[in-house]
Amino acid sequence: MSTYDVVVIGGGPGGYNAAIKAGQLGLKVACVEGRETLGGTCLNVGCMPSKALLHASELYEAATGGEFATLGIEVKPRLDLAQMMKQKADSVAGLTKGIEFLFRKHKAEWIKGWGRIDGPGRVVVTAADGSQQVLEAKDIVIATGSEPTPLPGVEIDNRRILDSTGALSLEEVPKHLVVIGAGVIGLELGSVWRRLGAEVTVVEFLDRICPGLDGETAKTLQRSLGKQGMKFKLGAKVTGAVASAKGVTLSLEPVAGGAAETLEADYVLVAIGRRPYTQGLGLETVGLRTDKRGMLDNQKHQSGVPGVWVIGDVTSGPMLAHKAEDEAIACIERIAGKAAEVNYGLIPSVIYTRPEVASVGKSEEQLKEEGRAYKVGKFPFTANSRAKINHETEGFVKVIADERTDEVLGVHLIGPSVSEMIGEYCVAMEFSASAEDIALTCHPHPTRSEALRQAAMDVHGEAMQM
Ligand SMILES: Cc1cc2nc3c(=O)[nH]c(=O)nc-3n(C[C@H](O)[C@H](O)[C@H](O)COP(=O)(O)OP(=O)(O)OC[C@H]3O[C@@H](n4cnc5c(N)ncnc54)[C@H](O)[C@@H]3O)c2cc1C
């Protein structure tokens, strides 16, 4: 039996960051991961492979769709899908090895196998060959993540009916891909395959895309994806699917009532969300229970049971890698007796479509609901010199500030490279900046970030470049 200060179950962004942080703080730590590689959903079948394909497919479309020609670059592109998938796999392999390196550097031990809690302070790990070992720990951190939510009547076989993992490694470009669910994952993976030549139809139960996202920004994104050729069927419920060797027949009916219809596709991607993963974890041995959605509750990362902590997708909050990472740091610092907090109001979210969407803080809809008075400043990328020179003028920056104090309450960006720009507002808002603070801050020219400043100026009706 091996004894540790902390045993972390799960080696994703929650688990691996917890293990690294614990090592850094001088705690004896082991991280139990059953996959063959560290990095969890994010590195293996989530954030990173999807971004690899988004990047490659964006360049492919720039080459085939006339954008290169506009810039005076004549090329005759040919899709080599096998190579595109290989470079994705190579990058992922490099990243997962990188976590192994960080574990060695910070003295975090990777125990390969599936962990099961076996009473207070005990974790039994079963390796791939069936052998078992027992770990003892003062504190156990559950970071077992999430899995795709299944849709009744549409059984995922990862041949014709895919989950996100299947859609990240197709061996051919679909003729017609139907994506069920107009959330982040559906829109990103739908974009990949549309750019590579598929006809893509997105079916969504709600009457809008990206629930939770600022309404105006979501509408702009839908319009833009529509112009690119993505089709949307909103307010439509998928009631069943029949898969054959060649394709899938989907049955739909309007949510508001009306005639049912069928859709033929050669592939279907089910992307209706993710659910917490706690299978075989032995929760009952310490008296822990999940809620109706399968989620473990937490109070400042502590489960209801002393010495058992929960972080990442398996617990409440947005299912995002950087949220899992933030919780990992705070959780381990608390275990080490330090004060630490996660500011849940300032977790940014990004959609890596083209244009990209990035937001942090409150939406107008939320503020209206709260009855809080606010002002809005907006600046379009059509008026930003860098965006103009690069022919990437779609989208805008929208800054929402408190009407009385001018404190920035929310920022919603849609446009080129906004995923790299939102961090500025995260920092500013963490310091409770006012719109005026941003408006008075010098930004480099020519950059898209100047739009961030101009929108802040516009909160006071003082934007200078539109
Ligand atoms: C296609 C896709 C794209 C995404 N893109 C983004 C993005 O761009 N940005 C972003 O922030 N988020 C993105 N996400 C979400 C992100 O991947 C998750 O929020 C993040 O991985 C959650 O981290 P986690 O550590 O909580 O769980 P996970 O990453 O799910 O890791 C949990 C790990 O625990 C292991 N495990 C489970 N049970 C056990 C057990 N009993 N014993 C041992 N090991 C166990 C699993 O094998 C897994 O490796 C994406 C997700 C998907 C599917």
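Keep in mind the model is a prediction, meaning the values are calculated, not measured.

Participant: Could you give me a rundown of helix α1 (residues 13–24), with the residues and numbers involved?
Facilitator: When the terminal C-alpha atoms of α1 are compared, their 16 Å separation across 12 residues agrees well with the 16 Å that a helix rising 1.5 Å per residue should span. α1 sits mainly inside the fold: 11 of its 12 residues count as buried. What α1 keeps buried is the set P13, G14, G15, Y16, N17, A18, A19, I20, K21, A22 and G23. In this structure, the buried residues of α1 make contact with β1 (2–9), β2 (29–33), α2 (40–45), α5 (81–105), β3 (108–112) and α9 (321–335). With its phi angle positive at about 85°, G26 sits one or two positions after the end of α1.

Participant: Give a detailed account of the UniProt feature "active site" (unreviewed entry) in the protein, specifying residues and quantitative values.
Facilitator: The residues that UniProt annotates with the feature "active site" (unreviewed entry) are H445. Taking relative accessible area as the criterion, H445 reaches 58% and is therefore assigned exposed. Those residues in contact with H445 that lie beyond four places of it in its chain are S385 and E450. A polar contact of 2.9 Å, which involves the side chain of H445, links it to the side chain of E450.

Participant: Now, about the sheet that holds strand β21 (residues 396–402): what can you tell me, with residues and values included?
Facilitator: Reading across the sheet, the five strands line up as β18-β19-β22-β21-β20 and stay open at both edges, with antiparallel pairing between neighbours. Of all the strands in the sheet, the pair left with one neighbour each is β18 (349–351) and β20 (374–380). With strand direction ignored, the average angle separating the axes of adjacent strands in the sheet is 10°. Judged from the six bridges that link them, β21 and strand β22 (residues 408–415) form a sheet pairing that is antiparallel.

Participant: Any details on the domain arrangement of the protein? Residues and values, ideally.
Facilitator: In terms of domain boundaries, the protein breaks down into domain 1 (2–148 + 275–344), domain 2 (161–272) and domain 3 (355–458). The gap between the C-alpha centroids of domain 1 and domain 2 is 27 Å. Joining domain 1 to domain 2, the criterion identifies two salt bridges. As a salt-bridge pair, R194 and E61 come within 2.8 Å of each other at their nearest N and O atoms. Remark: the boundary between domain 1 and domain 2 carries five residue pairs in polar contact (both at pLDDT 80 or more). When contributions to the side of domain 1 that touches domain 2 are tallied by element, the ones reaching two or more residues are α3 (47–64) and α5. A total of nine residues in the side of domain 1 that touches domain 2 trace back to one element, the largest contributor, which is α3. Considered class by class, the residues forming the side of domain 1 that touches domain 2 number 10 nonpolar, three polar and four charged.

Participant: Could you give me a rundown of unusual backbone geometry, with the residues and numbers involved?
Facilitator: Cis geometry marks the peptide bond from R354 to P355; its omega dihedral reads 0°. With an omega of -5°, the peptide bond running from H445 to P446 counts as cis. Position of P446 relative to the elements: it lies in the loop between α13 (435–439) and α14 (450–458). At N158, a position not held by glycine, the phi torsion is positive, near 50°. Within the secondary structure, N158 is located in the loop between β7 (146–148) and β8 (161–162). Even without glycine at this site, D406 takes up a positive phi of about 75°. The class for D406 is buried, based on a relative accessible area of 9%.

Participant: Lay out the site of the ligand in plain terms, naming residues and giving numbers.
Facilitator: Close contacts around the ligand come from 39 residues, with E33, T41, K51, G115 and A321 the closest. Here an oxygen atom of the ligand and a backbone polar atom of G14 are 2.8 Å apart. For the shell around the ligand, the secondary-structure elements that each account for two or more residues are α1, β2, α2, α3, β4 (114–117) and α9. Element by element, the count of residues in the shell around the ligand is highest for α2, at four residues.

Participant: Quick rundown of helix α8 (residues 215–227)? Include the residues and the values.
Facilitator: Taking 1.5 Å of rise per residue, the 13 residues of α8 would be expected to cover 18 Å, and the 18 Å separating its terminal C-alpha atoms lies within 8% of that figure. For α8, the complete set of buried residues consists of G215, T217, A218, T220, L221, S224 and L225. Among the residues trailing α8, G229 stands out with phi positive, at a value near 115°.

Participant: Could you give me a rundown of the environment of L102, with the residues and numbers involved?
Facilitator: As for its placement among the helices and strands, L102 is situated in helix α5. Put simply, L102 and G23 are 79 residues apart on the chain and 10.0 Å apart in space, counted from C-alpha to C-alpha.

Participant: I'd like a description of the side chain of H412, backed by residues and values.
Facilitator: Take H412: it is sitting in strand β22. Residue classification places H412 among the buried residues on the basis of a relative accessible area of 2%.

Participant: So what about the sheet that holds strand β12 (residues 236–243)? Which residues, and what values?
Facilitator: Ordered by their spatial adjacency, three strands build an open sheet running β12-β13-β14, and the pairing between neighbours is antiparallel. If you trace the sheet from one side to the other, it starts and ends with β12 and β14 (261–265), each paired once. Between one strand and the next, the sheet's axes are offset by a mean angle of 25°, whatever the strand orientation. Judged from the seven bridges that link them, β12 and strand β13 (residues 248–254) form a sheet pairing that is antiparallel. Counterpart to V242 in the pairing with β13 is T249.

Rules and cut-offs
- Residues numbered from 1 in each chain as written.
- Predicted model: local features only at pLDDT ≥ 70, side-chain atom pairs only at ≥ 80, totals over all residues.
- Heavy atoms only, no water.
- Helix = DSSP H or I, 4+ residues; strand = E, 2+ residues; numbered from the N terminus.
- Expected span 1.5 Å × (residues − 1).
- Buried < 20%, exposed > 50% of the residue type's maximum accessible area, 1.4 Å probe, protein only.
- Contact = heavy atoms within 4.5 Å.
- UniProt positions renumbered as here; feature names shortened; annotations may be inferred.
- Polar contact = N/O pair within 3.5 Å; in protein donor to acceptor, adjacent residues only side chain to side chain.
- Pairing = 2+ DSSP bridges.
- Axes fitted to C-alpha atoms, helices over the stretch in contact; angles between N-to-C directions.
- Domains from an automatic or database assignment.
- Salt bridge = Lys/Arg side-chain N within 4 Å of Asp/Glu carboxyl O.
- Nonpolar A, V, L, I, M, F, W, Y, C, P; charged D, E, K, R; others polar.
- Near = heavy atom within 4 Å.

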